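A closer look at the structure
So you can see what is in the structure, the chains are spelled out below.
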Amino acid sequence: MLGKTAGGLYWMFRFLERAENTARLIEAGFRIALTRSSDAESEWQSVIITSAVQPQYDARYDGYDSTRVTDFLLRDPDNPGSVLSVMKMARDNARLVRTALTTEVWSAVNETWMLFCDLLREPVPETELPHVLATIRQQSALVRGALHGTMLRNDIFDFCRLGTFIERTDSTARIIDVKYYALLPAPTFVGSRIDNVQWETLLRSVSGHRSFRWAEDGEFNAPNIARFLILDRRMPRSLSFSVAQIVDNLSYIAEEYGTRMPCHDLADDLRARLKDRDIASIFEEGLHEFISSILQDTARLGLQIEEDYRFNR
């Protein structure tokens, strides 16, 4: 496959996943801010920090509140990471590789772009925010459904899935990192009722609340939820699940092309960092330090994939 086509598929699905994940991050911030009404500004600041757009935001605004942060992350055309911006890039990449996509996948992406243009034409009132965020998630699921239901399981499919899971690994790690940076007003609240409620809120932001109840016998607390989001390979947004999918899809590509690339070794190393770990050792290492290293390794893996397969962004 030409690097231009492979890169278009990969980035199309990275951008689609990023749009959904930005919506999930906003939802986490919105829910947590409701439990911290006395210090909501610091929570919205943490959402901007975790979105990796603080310099762009600070150049435009003084202070952090729900109205400005959500508008910047959802619809600001000058923010390359806004939902509207990344959805446009997803659609542009889909158009570039349209001949590699089924009609159903192309139609789902194009219709999602048109819906988002209409949905985000005006600033979103706070009362409408839950509905708008749910619609973004639903449209992302629609595109994934079209991909799974109509595409051949070949290198085209594998590059699409690589984009999804590189982005998802990064996003889940960032959402967990929100907890480290901003959830608790003081260390004395660790393990308290408000601490556990906020961790439960993070579960809801990755659609993992009911799955956690099915999978875990323990209560909603930091160690149990962190273990679920980091180590449980049954959870489709956990770090372990996402990294395992990256390794699998890279192995399918290696088998089809008959060669291994340096990115395969990096992916294996990343999976080894999560394999046979327990949450106690991760907390002992430091949750923030562990997550930061996962983010760095994921970024390095993404760059290596681009280099190995000669992506033309």
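Please refer to the structure placed before this passage.
Figured I'd write up the structure that's included with this text. (Residues numbered from 1 in each chain as written. Predicted model: local features only at pLDDT ≥ 70, side-chain atom pairs only at ≥ 80, totals over all residues. Heavy atoms only, no water.)

Attention now goes to the overall build of the protein. In terms of regular secondary structure, the protein is built from 15 helices and 0 strands. Radius of gyration (C-alpha) of the protein: 19 Å, near the 20 Å computed for a compact globule of 313 residues. Projecting the C-alpha coordinates of the protein onto the three principal axes gives extents of approximately 55 × 50 × 35 Å. For the protein, buried positions account for 57% of its 313 residues. The contacts of the protein with a sequence gap of at least 6 include a subset with a gap of at least 24, amounting to 65%. As presented, the protein carries roughly 14000 Å² of accessible surface, and 50% of it is formed by carbon and sulfur atoms. (Helix = DSSP H or I, 4+ residues; strand = E, 2+ residues; numbered from the N terminus. Rg over C-alpha atoms; globule rule 2.2 N^0.38 Å. Buried < 20%, exposed > 50% of the residue type's maximum accessible area, 1.4 Å probe, protein only. Contact = heavy atoms within 4.5 Å. Areas by Shrake-Rupley, 256 points an atom, 1.4 Å probe, with all protein chains shown as cover.)

Before going further, it helps to spend a moment on helix α15 (residues 287-308). Here α15 contains 22 residues, and its C-alpha end-to-end distance of 31 Å stays within 8% of the 32 Å for a straight helix at 1.5 Å per residue. Burial of α15 is extensive: 16 of the 22 residues sit out of reach of the surface. Just past α15, the residue Arg-310 takes up positive phi, approximately 55 degrees. (Expected span 1.5 Å × (residues − 1).)

All right, on to the environment of Ser-46 then. Residue placement: Ser-46 occurs in helix α2 (residues 40-50). Taking the C-alpha atoms as reference, Ser-46 lies 8.1 Å from Gly-29; in sequence the two are 17 residues apart.

With that out of the way, let us pick up the pattern of salt bridges. Overall, the coordinates contain 26 salt bridges when judged by the stated rule. Glu-167 is the partner of Arg-18 in a salt bridge, and the nearest nitrogen-oxygen pair spans 2.9 Å. Linking Arg-18 in helix α1 (residues 3-35) with Glu-167 in helix α8 (residues 155-183), this pair joins segments that are 149 residues apart in sequence. For Arg-18, a relative accessible area of 22% gives the class partly exposed. Of the charged contacts, one joins Glu-20 and Arg-144 as a salt bridge, the two residues approaching to 2.8 Å between their closest N and O atoms. Remark: Arg-144 occurs in helix α7 (residues 129-150) and Glu-20 occurs in helix α1; sequence separation between them is 124 residues. Side by side, Glu-20 and Arg-144 carry an identical accessibility label, which is buried. Through salt bridges that share partners, Glu-17, Glu-20, Arg-24, Arg-144, Arg-168 and Arg-237 make up one connected network. (Salt bridge = Lys/Arg side-chain N within 4 Å of Asp/Glu carboxyl O.)

This paragraph deals with the nonpolar core. One finds Leu-74, Ile-230, Ile-291 and Ile-305 to be the most contacted residues of the largest nonpolar core, which totals 98 residues. Looking at which element gives the most residues to this core, the answer is α1, with 16 residues. Residues in contact with Ile-305, not counting those within four places in the same chain, are Tyr-10, Leu-162, Ile-166, Leu-250, Cys-263 and Phe-311. (Core = buried A, V, L, I, M, F, W, Y, C linked by side-chain atoms within 4.5 Å.)

Let us look at the packing of α2 against helix α4 (residues 66-74). Interaxial distance between α2 and α4 falls to 10 Å at its minimum, and their mutual angle equals 15 degrees. By the angle between their directions, the pair α2 and α4 is classed as roughly parallel. Remark: the crossing between α2 and α4 carries left-handed chirality. Mapping the contact onto sequence places Trp-44, Val-47 and Ile-48 in α2 and Ser-66, Val-69, Thr-70, Phe-72 and Leu-73 in α4. The residue makeup of the contact of α2 with α4, split by class, is 6 nonpolar, 2 polar and no charged. (Axes fitted to C-alpha atoms, helices over the stretch in contact; angles between N-to-C directions. Parallel < 35°, antiparallel > 145°, perpendicular 65-115°, else oblique. Left-handed = near helix turned anticlockwise from the far one by under 90°. Nonpolar A, V, L, I, M, F, W, Y, C, P; charged D, E, K, R; others polar.)

In this section: the packing of helix α12 (residues 239-257) against helix α13 (residues 262-274). The relative placement of two packed helices is expressed as an angle between their axes plus a distance between the axes. Look at α12 against α13: their axes get within 9 Å of each other, and the N-to-C directions meet at 155 degrees. One finds that α12 runs roughly antiparallel with respect to α13. Our pair here, α12 against α13, has a crossing hand that is left-handed. The residues of α13 that touch α12, namely those facing Leu-239, Ser-240, Val-243, Ile-246, Val-247, Leu-250, Ser-251 and Ala-254, are Cys-263, His-264, Ala-267, Asp-268, Leu-270, Arg-271 and Leu-274. A per-class count over the contact of α12 with α13 returns 10 nonpolar, 3 polar and 2 charged.

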